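Architecture at a glance
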Amino acid sequence: MVAFDKCETRPAHIEAILNGLDRYNPETTTVFQDYVALQCEDRTFDCYANLALLKLFQFNPHLIQPDTVTNILAKALTVFPSPAFSLCLALLPTSTQPFPTTSEAQSASQTSDFVESVQKLTRLSTLLESAQYAQFWSTLNSDDLYADLTADVAGFEELVRIRIAVEVGNTFRSITAENLESWLDVRSRDALNKFVVDVCGWKVDGDVIRVPTNKENEARSEVKSEHVGIEQFGRVIRRGFELPA
Amino acid sequence: MSYEDRANARPNLNDESDNEEEAMVNDYREQVNFDDGMSELDQTMSHGASQAHDLQAQLAAAATPLEYQATLETKFASYDNYCSLFHYILNSDGPVDLEVPNYYWAWEVIDEFIYQFESFCRYRNRVACTGSNEEESQLLRENPNTWGCYSVLNVLYSLIQRSQISEQLNATKRGEDPMAVAGEYGSRPLYKMLGYFSIIGLLRVHCLLGDFSLALKILDDVEMNKKAMFARVMAAHFTTYYYVGFSYMMMRRYGDAIRMFSHILVYVSRTKNFQKGGNNYEAIAKKNDQMYALIAICVALHPTRLDDTIHSAVREKYGEQFYRMQKGGPEALPVFEELFRSSCPEVHQPHSSRLRQPRLQR
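Residues numbered from 1 in each chain as written. Chains lettered and ligands numbered in written order. Predicted model: local features only at pLDDT ≥ 70, side-chain atom pairs only at ≥ 80, totals over all residues.

Here we come to the UniProt feature "transmembrane region" (unreviewed entry) in chain B. Residue and element names in this part refer to chain B. Those residues carrying the UniProt feature "transmembrane region" (unreviewed entry) are residues 194–216 and 228–251 in this numbering. Segment residues 194–216 splits into 87% helix and 0% strand. End C-alpha atoms: 19 Å apart. Annotation note: span residues 228–251, helix share 71%, strand share 0%, distance between end C-alpha atoms 24 Å. (UniProt positions renumbered as here; feature names shortened; annotations may be inferred. Helix = DSSP H or I, 4+ residues; strand = E, 2+ residues; numbered from the N terminus.)

This is the structure in structure tokens:
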């Protein structure tokens, strides 16, 4: 596992800004914004750098670029399940928080497009994280706004599909093709079989997809044993031999 | 050391010997005595009086809590007092020659500085929301940098850089002499202590601003064990583990969060008898309960076998809620929310943009 502050695809000039005090310098905002655009194009994701940009927006609210923010959130969806989405959310202005308390909900009757976008992306994140995959796809396809929000992220659907497949692989040994079709939003059986075999390396067995054993989906019996060494009782034994005061 | 390493460097909870406990007790007694000393100093100091470098008074003021009902004027004056003190320490011609009271003083200066920043944010937000006091909003609009986050971060980062504390900690970690890299400033206890506690201060500030990964990143150089410098001041020890545990929790590294909370909760339960009667006992007891709530949340999400003392304390304090969270389902959600709300640090908006257009907010 790569440490959370590292990213293999991060260019040197971004690394330098992140490690110095320039990460607080509002003038670096544009550098980070270009970097977000690059990540959208080349399908990479650098959570730590994107959080630094959101922090600059947090400190300098007049610089905030709603499109960049929603792109960062959309990119964060493509790395689920990870804390990326919620970490990003924590740095957004309170007015955009998608989980208002009752008093805030009443005052937030008028919402801007930006707030609505954040709420929509959060809805997608919740569906992914609660493994409601079929509902995720139907929601995504239900409104043109979703298409707008993910338009800048190259290969958005493909990236999410792969992450869903990884989660399925971690959970199942076999699964019906019908279920998997709806979870991956693959329209035809042929396309599903191709995806499953070529991308995932799984096997098709009639109407059932078989997932080879991996570290996560293997049934293991847990061996519970405790090793208690004599030295752990040292103090008790010593106390036992102490002379009464 | 990378995060992974530190995450794997488990605090050894079984290494307590009688000697160490004895040492903890003595440390604690020392702190209590120190607090008594401070209150005598309080009586001799006056807020916002002549800035003619009545240094001892300034030093004492910097470590003294503001009154709860302090006026806006007092808050501004207190900010000015910090600014002039830190300016003097950081920007004099060479390191200043000051007798530093001790570790506790250094911790309290940073702690109080951040506490006042935090309460000022809360206050500014309240004025912005209610919009009732036009005079105060006007004053706040005219002074956007007073207790602004850039000013506060600037102080903390400057103290860290001046003291070369990161270099010193890294040298210690490699088994080298920290003095060799400490430089003209960092070799003096004043700078070293302020620098060190500024790291802990940044951990807290980043948490309060909702940046949990940066909060953890700041602690890269700090070793998390009982030999660390923060462990010499009970409040610092406690605060560090609370915020580190909380940051891990927000990063969804529940196993790490549980380890951090367990470590400090075990420590507190062992020193409990010596804290009773201490003047920050109530604050510690409250945070302690909050950490039990947070650990209950973490264990519900990430089943782990807890230390027996902790487990029975969780059952005693939050038995019903703990059971419902572990059972899961939609009924558990309000319990998670309730415990989280009552135990998380209050996260703040760092700027006063809402002040500029109070009408637009409604």
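Next comes the rest of the description.
Segmentation of chain A into domains returns domain 1 (1–95 + 114–154) and domain 2 (172–216). When each unit is reduced to the centre of its C-alpha atoms, the spacing between domain 1 of chain A and domain 2 of chain A is 30 Å. (Domains from an automatic or database assignment.)

Moving on, we get to the packing of helix α12 (residues 234–250) of chain B against helix α14 (residues 281–301) of chain B. All names here are of chain B. The N-to-C vectors of α12 and α14 enclose an angle of 25°; their axes lie 11 Å apart at closest approach. Judged by the inter-axis angle, α12 sits roughly parallel to α14. Here α12 and α14 pass one another in a crossing that is left-handed. Mapping the contact onto sequence places F238, Y242, G245, F246 and M249 in α12 and I284, K287, M291, L294 and C298 in α14. Of the residues belonging to the contact of α12 with α14, the class tally is eight nonpolar, one polar and one charged. (Axes fitted to C-alpha atoms, helices over the stretch in contact; angles between N-to-C directions. Parallel < 35°, antiparallel > 145°, perpendicular 65-115°, else oblique. Left-handed = near helix turned anticlockwise from the far one by under 90°. Contact = placed C-beta atoms within 7 Å. Nonpolar A, V, L, I, M, F, W, Y, C, P; charged D, E, K, R; others polar.)

Here the focus is the domain arrangement of chain B. Residue and element names in this part refer to chain B. Examined at the domain level, chain B breaks down into domain 1 (1–39 + 226–346) and domain 2 (45–210 + 348–362). Taken together, the contact between domain 1 and domain 2 spans 18 residues of the former and 15 residues of the latter. Within the residue set of the side of domain 1 that touches domain 2, elements represented by two or more residues are α2 (18–44) and α12. Sort the elements by how many residues they give to the side of domain 1 that touches domain 2 and α12 lands first, with eight residues.

So, about the sheet that holds strand β1 (residues 174–176) of chain A. Residue and element names in this part refer to chain A. Taken in spatial order, the three strands make up an open sheet running β1-β3-β2, and their pairing is antiparallel. Edge positions in the open sheet fall to β1 and β2 (203–205), since each of these has one partner strand only. Neighbour-to-neighbour, the strand axes of the sheet open up by a mean angle of 30°, direction not taken into account. Judged from the three bridges that link them, β1 and strand β3 (residues 208–210) form a sheet pairing that is antiparallel. Its bridge partner lying in β3, S174 is registered against R210. (Pairing = 2+ DSSP bridges.)

Before going further, it helps to spend a moment on the environment of S198(B). Residue and element names in this part refer to chain B. Position of S198 among the secondary structure elements: in helix α10 (residues 189–208). Assessed through the 27 C-beta atoms surrounding it within 10 Å, S198 is described here as buried. Taking the C-alpha atoms as reference, S198 lies 9.7 Å from V109; in sequence the two are 89 residues apart. With near-sequence residues (within four places) excluded, S198 lies in contact with I110, L156, L159 and I160. (Buried ≥ 20, exposed ≤ 12 C-beta atoms within 10 Å, placed from the backbone.)

Next up on the list: the confidence of the model for chain B. All names here are of chain B. Taken over all residues, the pLDDT of chain B has a mean of 78, while the share at 70 or more is 78%. Taking the mean pLDDT of every element in chain B, the minimum, 42, falls on helix α1 (residues 3–8) and the maximum, 94, on helix α11 (residues 212–218). Taken together, the stretch residues 1–18 has pLDDT below 50 and engages in 20 contacts with residues farther than four places along the chain or on a different chain. Taken together, the stretch residues 33–52 has pLDDT below 50 and engages in 18 contacts with residues farther than four places along the chain or on a different chain. (pLDDT = per-residue confidence, 0-100.)

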